[in-house]
Amino acid sequence: MKQEYKAISMAWLSRTGLTNLNSGEGGFNLIDVKKYKWERKEYPYVSGQAMRFYLKEAIRRKLDPGTREACVPDPQGEACGEPDKCILCDLFGFMHPRGAKIRLSPTKVSPAMGLKPLDGTLVTDFLTRRHRAEEAGRLEGDIVNVELSTNIYKVGICLDLLRVGREEAFETFAETPRLIRSLKFDDIIDEKERERRIGLLLDAVKEFSDYSKQARLLTDFTPDVIIACLQREYSHRLQKALELERDGLKLSIPRLDQVLREMIGEKFFAGILDGVLENTKEIHETLKKFKVEITTPREMIGKVKSEIGIV
Ligand SMILES: [Zn+2]
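Every chain is numbered independently, its residues counted from 1 as its sequence is written. With pLDDT at 70 or above as the cut-off, local features in this predicted model cover only qualifying residues; side-chain atom pairs require 80 or more to be listed or tallied, and sums for whole chains, interfaces and linings still use all residues.

1. As for the overall build of the protein
Stage number 1. In this description a helix means any DSSP run of H or I spanning at least four residues, a strand means any run of E spanning at least two, and both kinds are numbered starting from the N terminus. Across its full length, the protein holds 7 helices and 15 strands.
Stage number 2. C-alpha atoms of the protein, sized along the principal axes, occupy 85 × 50 × 35 Å.
Stage number 3. Looking at the protein residue by residue over its 311 residues, the buried ones come to 31%.
Stage number 4. With C-beta atoms placed from the backbone, a contact is any residue pair whose C-beta atoms sit within 7 Å. In the protein, 67% of the contacts between residues at least 6 apart in sequence involve partners at least 24 apart. Exposure classification rests on a simple neighbour count of other C-beta atoms within 10 Å of a residue's own: a residue reaching 20 or more is buried, one at 12 or fewer is exposed, and one in between is partly exposed. C-beta atoms are placed from the backbone.

Below, the structure written as structure tokens:
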């Protein structure tokens, strides 16, 4: 694997049909949508915690059933905390409640922010939990209200490559034992296993699927328009690259142009599904100006993997 890159960051948009990806606190017979407010309007969002869960479950689906490589947290939410053996504890970190053991997450994940106001996109549907009554042939049911919305969401992740499969350690120097210490990273797994784990996370981005309520609301929430950056400098700047214009479904071209200019010298890839945004042609033109290779989102993940040297 190429060692020159410090981070892989990605930002993407995903357009959904009617769905409820992450419920809020709800109420009596109500399954609501999690909401945030911006300039007195409400928008849906999916928490960063839920996004991390989806990615973890996508990795788990890739592994053999019964494997001991991906722990299931105990009822208190405590993970195994053994990043050398456990892929999820390595990639996503952990914190044991008494603070005795802690690992910062090399994978940073944003919440998925709905970009269109709910007032034009929200419906409330009735969901009937039907069950057979004791009397033969009669059906009984409880009515539950479910909020559903169509929207376009913005999400991002940033993977701190130096920290995957490694642990922070202090290095002390004999000649200045207390005054000068430096931070270093000790390998806890070999290079081949590091590559495999990074590959699993990248594949999870194109395949994650375990969102809530899918029995009735089958949704694809994977990237439709994605931009990835292999970074020699660690930063989260790419997360600002994809911004919608206030009206319609147009990507802000000046914003994309400016962020790409700010990160010039880094290696970019883009994956675009046609028809998700209204100004796909202008997006292509802008990306081409910066010599960014454009494929479909899933193909793009493959390009990123081969660029860093993992297959
Ligand atoms: Zn674990």
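Following the structure, the description resumes.
2. Focus on the pairing of strand S12 (residues 181-187)
Successive side chains on a regular strand alternate, one facing one side of the sheet and the next facing the other.
Stage number 1. Little of S12 is tucked away: 0 of the 7 residues are buried.
Stage number 2. DSSP calls a pair of strands paired once it identifies at least 2 bridges connecting them. Where strand S11 (residues 166-172) lies against S12, 7 bridges are found, and the strand directions are antiparallel. Its bridge partner being in S12, Glu 167 is matched across the sheet by Asp 186.

3. What about the packing of helix H5 (residues 253-262) against helix H6 (residues 280-289)?
Stage number 1. Orientation is described by axes fitted as lines to C-alpha atoms, over the contacting stretch for helices, and by angles from 0 to 180 degrees between their N-to-C directions. Running from N to C, H5 and H6 cross one another at 20°; their axes reach a closest spacing of 10 Å. Judged by the inter-axis angle, H5 sits roughly parallel to H6. Both H5 and H6 take part in a crossing whose hand is right-handed. Together, Ile 253, Leu 256 and Asp 257 of H5 and Glu 282, Ile 283 and Thr 286 of H6 make up the contact between the two elements.
Stage number 2. For the contact of H5 with H6, a count of residues per class yields 3 nonpolar, 1 polar and 2 charged. Roughly parallel here means an angle under 35 degrees, roughly antiparallel means over 145, roughly perpendicular means 65 to 115, and every remaining angle is called oblique. What makes a crossing left-handed is the near helix being turned counterclockwise from the far one by less than a right angle; a clockwise turn instead makes it right-handed. Residues are grouped as follows: Ala, Val, Leu, Ile, Met, Phe, Trp, Tyr, Cys and Pro are nonpolar; Asp, Glu, Lys and Arg are charged; every other residue, Gly included, is polar.

4. Some points on the pairing of strand S3 (residues 35-38)
Stage number 1. The pairing of S3 with strand S4 (residues 41-46) spans 4 bridges and is antiparallel. Residue Lys 35 lies in a different strand from S4, and its bridge partner there is Pro 44.
Stage number 2. The turn joining S3 and S4, which pair antiparallel and follow one another in sequence, is formed by 2 residues; a positive phi near 50° is taken by Glu 39.

5. Regarding the environment of Leu 115
Stage number 1. As for its placement among the helices and strands, Leu 115 is situated in the loop between strand S8 (112-114) and strand S9 (122-132).
Stage number 2. The class of Leu 115 is partly exposed, set by 18 C-beta atoms lying within 10 Å.
Stage number 3. Setting aside residues up to four positions removed in sequence, Leu 115 forms contacts with Asn 151, Ile 152, Tyr 153, Lys 154 and Leu 244.

6. Concerning unusual backbone geometry
Stage number 1. One non-glycine residue, Glu 39, adopts positive backbone phi at about 50°.
Stage number 2. Position of Glu 39 relative to the elements: it lies in the loop between S3 and S4.
Stage number 3. One non-glycine residue, Lys 213, lies in positive phi territory at about 60°.
Stage number 4. Of the residues examined, Lys 213 has 17 C-beta atoms within 10 Å and is grouped as partly exposed.

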